[in-house]
Amino acid sequence: MLAKACHHLLPLKLPATASPPRLPPPPYKHTTTTTPHAISITAPTTIPDLSPPLPDTTNALDDTVAAFWDYQFLFVSQRAETTHPLPLRLVDGALPHNFPSGTYYLTGPGLFSDDHGSTVHPLDGHGYLRAFDIDGGRGAVDFMAKYIETEAQVEERDSNTGEWRFTHRGPFSVLKGGKMVGNTKVMKNVANTSVLQWGGRLFCLWEGGDPYEIESRTLNTLGKFKLDDDDDRKMLPENDADCEGGGFRANLLDVAARILKPILYGVFKMPPKRWLSHYKIDVPRNRLLIMSCNAEDMLLPRSNFTFYEFDSNFKLVQSQEFNIPDHLMIHDWAYTDSYYILFGNRIKLDVAGSMTAVCGLSPMISALSVNPSKPTSPIYLLPRFPNKSLTRDWRIPIEAPSQMWVLHVANAFEEKHVNGNLQIQIQASGCSYQWFNFQKMFGYDWQSGKLDPSMMNMEQGQEKLLPHLVKVNINLDNDGACQNCSVDDLSQWNKASDFPVINQELSGTRNNYVYAATSSGSRRSLPHFPFDTVVKLNTADKSTQTWSTSRRRFIGEPVFISKGGCEHEDDGYLLVVEYAVSTQRCYLVILDSKLVGGKNALVARFEVPRHLNFPLGFHGFWAPNVCPAPVISNPKQESYFTRRSIESLVSVK
């Protein structure tokens with residue numbers, strides 16, 4: 001697990017739209033420590049004056065002090081909203097006249113502290129939806145931002161005074177200024193994790209509850225969207241081997257589940273189905289793929305996962321439920337033409353932590369801990385189409401020869417060899433079980449309610465424990481037996497990286513390029529996180545190209561936009577938000593994905609007004625204004641994008 005912080009952070013309560021502090025002269029020494037893993041980052045002994053920003057003169061400042069404050073200002077609450085389109089100022093470059101028009105939606109937490117002394121973990125922050133409407137014809141970008149009016153948000157914000165009082169604990173937080181002991185409001189659906197447009201409708205998702213539907217023109221919240229109202233899912237039959245000894249165990253777990261359900265559903269108000277925030281879009285079939293798990297399975301050594309496939313009109317095409325006899329935590333997943341693919345992040349019940357969590361003395365997530373008992377990582381290949389003649393026992397995982405906690409998946413695809421073998425490749429970001437810690441994500445210390453950037457950074461020589469990009473290759477024979485499974489670095493890039501994305505036109509098929517957020521490593525005190533660089537990885541030759549921000553600026557997840565009607569996979573643009581924490585500004589940055597690594601990669605940069613500066617976002621979605629059929633300009637292009645998709649469909653029908 002993560003090393004403990006090597007210092008105590010100052011109590012820090014910042015105004016909702018506080019200015020960057022005037023950093024003091026550098027009398028603070030860089031502390032040394034024998035504690036493994038965590039980098040030491042000094043906290044100032046006094047709170048600086050929160051006055052208007054000074055010019056960025058970092059070279060004259062102690063980087064350890066600046067690093068501490070830069071990290072705090074990446075998570076400063078933003079209470080202001082703008083419900084009318086606000087033109088953004090172009091500060092660099094220009095949009096080409098043929099730039100695809102559409103809207104880039106970005107969601108993430110917007111509020112971390114209330115008006116009564118409570119702070120929350122970034123994952124428990126109320127969802128704040130940002131919309132960048134890009135008009136290529138005008139060369140302009142309009143901006144809107146609004147809080148998602150979830151049930152918790154409506155309860156915790158006074159609509160008359162605008163005052164906030166946190167009443168829901170959330171899974172990762174403990175309230176200091178609210179009800180602590182006996183507070184059963186655990187599942188705080190803040191709709192802050194991902195955003196999706198499907199079937200002409202806009203949704204914000206969270207890890208553990210129903211999506212919220214949003215009116216795309218006004219960003220008004222329409223309410224919860226019930227995905228499983230017409231659920232007619234099929235439970236795939238279990239194997240006969242499960243009857244020998246396993247049947248008694250299953251019966252015990254069923255009894256435990258029946259005891260837990262009324263407590264979780266009734267007392268703690270947990271929904272029976274926990275929807276995952278990560279979804280997949282099968283482009284050739286024009287289907288939305290989404291999955292859920294059972295609430296009670298978070299506390300039981302088994303996992304029930306249900307996969308749903310919807311057509312473009314939100315008609316349920318199929319659903320399947322899988323019962324896996326392992327205690328797993330899934331955040332992201334993958335699919336191919338034949339399989340749903342789950343990386344099994346193993347967890348276990350922490351008895352002592354669960355007792356304090358139930359009493360409200362620690363976050364609810366402290367009831368769980370990672371389970372590094374095995375040196376391998378289980379990968380479950382679950383049959384996507386039950387009528388296909390797949391003979392492999394899906395309940396037995398393939399054990400990848402490397403222990404890793406998978407965070408996000410870029411892509412997965414399968415290819416049939418001449419000899420009948422099936423080759424599957426998964427591209428993902430993963431980290432070590434030693435680094436991942438439920439109670440220390442983003443460096444949040446629930447006991448002090450503050451952020452410690454040292455938790456997200458490691459000492460030299462231990463960088464491999466941090467998130468990095470990998471590819472997993474699985475070779476199955478004609479009978480579905482695993483002949484080989486290997487885990488390798490996705491490229492030669494060896495710095496911490498996450499949020500991998502691809503050209504979504506190739507989702508589920510072979511791709512050559514992966515784009516991700518990473519670090520340049522140029523900052524002594526924040527060498528690994530937050531990210532400040534976009535990396536473009538060529539999976540064929542393992543080469544890399546990068547684009548980096550200026551000093552004391554960070555980035556979030558990149559999003560790829562295809563130019564459409566082009567021959568090459570990397571003909572497109574990358575959207576990424578740049579957070580200039582030293583001046584409290586956010587910028588929408590547009591890069592030419594083909595030119596990343598060169599001098600002309602920057603296409604345009606648009607500035608968000610300072611009074612609307614927002615904290616770090618999580619996941620975004622590009623919604624084009626129109627979805628024209630692809631224009632085939634030459635046979636090579638047809639072969640590259642269209643023919644491969646058609647062949648993949650024919651192979652499974």
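Chemist: Hey, could you go over the nonpolar core for me, with residue numbers and the actual values?
Modeler: Among the nonpolar cores identified, the biggest contains 93 residues, and Phe132, Trp405, Phe438 and Phe614 are the most heavily contacted of them. At 7 residues, the largest contribution of residues to this core is made by strand β35 (residues 572–580). With near-sequence residues (within four places) excluded, Trp405 lies in contact with Met329, Asn345, Arg346, Ile347, Val370, Ser429, Gly430, Cys431, Tyr433, Phe436 and Phe438. Listed in part, the 28 residues of the second largest apolar core include Phe203, Trp275, Ile281 and Phe314.

Chemist: I'd like to hear about the pattern of salt bridges, residue by residue, with values.
Modeler: Using the criterion set out here, one finds 31 salt bridges in the structure. Between Lys188 and Glu156 there is a salt bridge, with its nearest N and O atoms 3.1 Å apart. With a gap of 32 residues between them, Lys188 in the loop between α2 (151–156) and β6 (194–198) and Glu156 in helix α2 connect regions that are remote in the sequence. For Glu156, a relative accessible area of 2% translates into the label buried. In this structure, Lys563 engages Asp592 in a salt bridge whose closest nitrogen and oxygen atoms are separated by 3.7 Å. With Lys563 in the loop between β34 (559–562) and β35 and Asp592 in strand β36 (residues 585–592), this pair connects stretches of sequence that are 29 residues apart. One network of salt bridges, with partners in common, ties together Asp282, Arg285, Arg287, Glu309, Asp337 and Arg384.

Chemist: Help me get a handle on the environment of Lys450, residues and values and all.
Modeler: Examined against the element boundaries, Lys450 turns out to sit in strand β26 (residues 450–451). Taking relative accessible area as the criterion, Lys450 reaches 14% and is therefore assigned buried. Taking C-alpha positions, Lys450 is 9.0 Å from Val120, a pair spaced 330 residues apart along the chain. Within the structure, the side chain of Lys450 is placed 3.2 Å from the backbone oxygen of Ser448, a separation counted as a polar contact.

Parameters and conventions
Within any chain, residue numbers begin from 1 and follow the written order of that chain's sequence. Given that this is a predicted model, residues contribute local features only at a pLDDT of at least 70 and side-chain atom pairs are listed and counted only at 80 or more, while totals for whole chains, interfaces and linings are drawn from all residues. The basis for the side-chain values is all heavy atoms of the structure; hydrogens and waters are excluded. To form a nonpolar core, buried Ala, Val, Leu, Ile, Met, Phe, Trp, Tyr and Cys residues must be joined to one another through side-chain atoms within 4.5 Å. Note on classification: 1.4 Å probe, protein chains only; a residue is buried when its accessible area is under 20% of the maximum for its type, exposed when over 50%, partly exposed between these limits. The numbering of helices and of strands both runs from the N terminus, where a helix is a DSSP run of H or I of at least 4 residues and a strand a run of E of at least 2. It only takes one pair of heavy atoms within 4.5 Å for two residues to be counted as in contact. The salt bridge criterion pairs a side-chain nitrogen of Lys or Arg with a carboxyl oxygen of Asp or Glu, the two atoms within 4 Å. Throughout this description, a polar contact denotes any pair of N or O atoms lying within 3.5 Å of each other; where both atoms belong to protein, one of them has to be capable of donating a hydrogen while the other can accept it, and for residues adjacent in sequence the pair is counted only when both atoms sit in side chains.

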